[in-house]
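Now for the letters of each chain:
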Amino acid sequence: FKPDDIDIKNWEIVSGRWIKDRTGLRQTDILAKRAIIIYKGKKYRNFYFQVKVKPMSLGRTPLFGIVFRYVDKRNYYRYWISDTKVAFQRVKEGRVLTICKIDREKLKTGTEYVMGVRARKSRFSIMFNDRIIIEKKDYSFKRGYVGVLARESVVDFYQLSLTSSK
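Residues numbered from 1 in each chain as written. Predicted model: local features only at pLDDT ≥ 70, side-chain atom pairs only at ≥ 80, totals over all residues. Heavy atoms only, no water.

Chemist: I would appreciate a short explanation of the overall build of the protein chain in the present structure.
Modeler: For the protein chain, the count of helices and strands is zero helices and 13 strands. Going from N to C terminus, the protein chain has its helices and strands arranged as β-β-β-β-β-β-β-β-β-β-β-β-β. Overall size of the protein chain, expressed as C-alpha extent along the three principal axes, is 40 × 35 × 30 Å. With 166 residues in all, the protein chain has 50% of them scored as buried. Within the protein chain, residue pairs in contact and separated by at least 24 positions form 66% of the contacts whose partners lie at least 6 positions apart. Counting only carbon and sulfur atoms, one obtains 46% of the accessible surface of the protein chain, whose full area is about 8,500 Å². One finds the centroid of the 38 positive side-chain charges in the protein chain at a distance of 6 Å from the centroid of its 17 negative side-chain charges. (Helix = DSSP H or I, 4+ residues; strand = E, 2+ residues; numbered from the N terminus. Buried < 20%, exposed > 50% of the residue type's maximum accessible area, 1.4 Å probe, protein only. Contact = heavy atoms within 4.5 Å. Areas by Shrake-Rupley, 256 points an atom, 1.4 Å probe, with all protein chains shown as cover. Lys, Arg positive; Asp, Glu negative; His and termini not counted. Charge placed at Lys NZ, Arg CZ, Asp CG, Glu CD.)

Following this line, the structure appears as structure tokens:
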């Protein structure tokens, strides 16, 4: 794996209200039902993407996370954390399929979390605070963009790190 330069100017807003600066990304709309921003540097197949996340304000049904192998707004994988759950899902033709969902401790505002995804062909390792919590296979999407997402929360995403391999 080699590190890729994640230039802030290559982030494209799909939905929601985002602030982009050299320190990272912030989703600012606590009422947003689905806020997504994608890194359009290139499409990835095999990669490790890690981001530090700090929820600043949580709405009624908050969640935040990572999108990957993003093809378009109707086709991608996502890994999210909600108030008490963690999920790995596939969105295909706009329909959501939960590949795996597990319980977790309650989220705290102002607390830093580290989220990561390692993709190697059809194998995915979902990581939380530097620990693998889910390992699954899926064959739906071969490559795509990476990004982050939020719902009903103001969240800071920073120290974004992306490494790719052939």
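Chemist: Explanation requested: unusual backbone geometry in the structure shown.
Modeler: The phi angle of most residues is negative, glycine excepted, and most peptide bonds adopt the trans form. Positive phi, close to 55°, is recorded for Lys-121, a residue that is not glycine. With respect to the secondary-structure elements, Lys-121 resides in the loop between strand E10 (113–120) and strand E11 (123–128).

Chemist: Where do I start with the pattern of salt bridges in this structure?
Modeler: Using the criterion set out here, one finds nine salt bridges in the structure. Across the pair Arg-26 and Asp-156 runs a salt bridge whose closest N-O atoms are separated by 2.4 Å. Here Arg-26 is found in strand E4 (residues 24–27), whereas its partner Asp-156 is found in strand E13 (residues 144–165), with 130 residues between them in sequence. In this structure Arg-26 comes out as partly exposed when scored by relative accessible area, which is 29%. Relative accessible area serves as the criterion here: at 17%, Asp-156 is assigned to the buried category. (Salt bridge = Lys/Arg side-chain N within 4 Å of Asp/Glu carboxyl O.)

Chemist: What is the right way to read the environment of Val-117 from this model?
Modeler: Following the sequence through the fold, Val-117 ends up in strand E10. Taking relative accessible area as the criterion, Val-117 reaches 0% and is therefore assigned buried. Taking the C-alpha atoms as reference points, Val-117 and Ile-99, 18 residues apart in sequence, are found 14 Å from one another. Ignoring any residue separated from it by four or fewer positions in sequence, one finds Val-117 in contact with Phe-47, Tyr-48, Phe-49, Ile-66, Phe-68, Tyr-79, Ser-125 and Ile-126.

Chemist: What's the story with the packing of aromatic side chains in this structure? I'm lost.
Modeler: The relation between two aromatic rings is expressed through the spacing of the ring centres and the mutual angle of the planes. Overall, the coordinates contain 13 aromatic pairs when judged by the stated rule. We note Arg-118 situated over the ring of Tyr-48; from NZ or CZ to the ring centre the distance is 4.4 Å. (Phe/Tyr/Trp six-rings, centres within 6.5 Å; stacked < 30°, edge-to-face > 60°. Lys NZ or Arg CZ within 6 Å of the ring centre and 35° of its normal.)

Chemist: Help me understand the nonpolar core in this model?
Modeler: Soluble globular proteins tend to bury their nonpolar side chains together. The biggest cluster of nonpolar side chains holds 38 residues, and the ones touching the most others in it are Phe-47, Phe-49, Phe-64, Phe-68, Tyr-79, Met-115 and Phe-157. Those elements that place two or more of their residues in this core are strand E5 (35–44), strand E6 (46–72), strand E7 (75–82), strand E8 (85–92), E10, E11 and E13. In this structure, Ile-38, Val-67, Trp-80 and Tyr-145 belong to the second largest nonpolar core, which totals eleven residues. (Core = buried A, V, L, I, M, F, W, Y, C linked by side-chain atoms within 4.5 Å.)

Chemist: Quick question: what am I supposed to make of the environment of Asn-129 here?
Modeler: Inspection of the secondary structure puts Asn-129 in the loop between E11 and strand E12 (131–137). Using a relative accessible area of 36% as the deciding quantity, one classes Asn-129 as partly exposed. As a C-alpha pair, Asn-129 and Leu-107 span 22 residues in sequence and 13 Å in three-dimensional space. Leave out the neighbours within four places in its chain, and Asn-129 touches Tyr-113 and Val-114.

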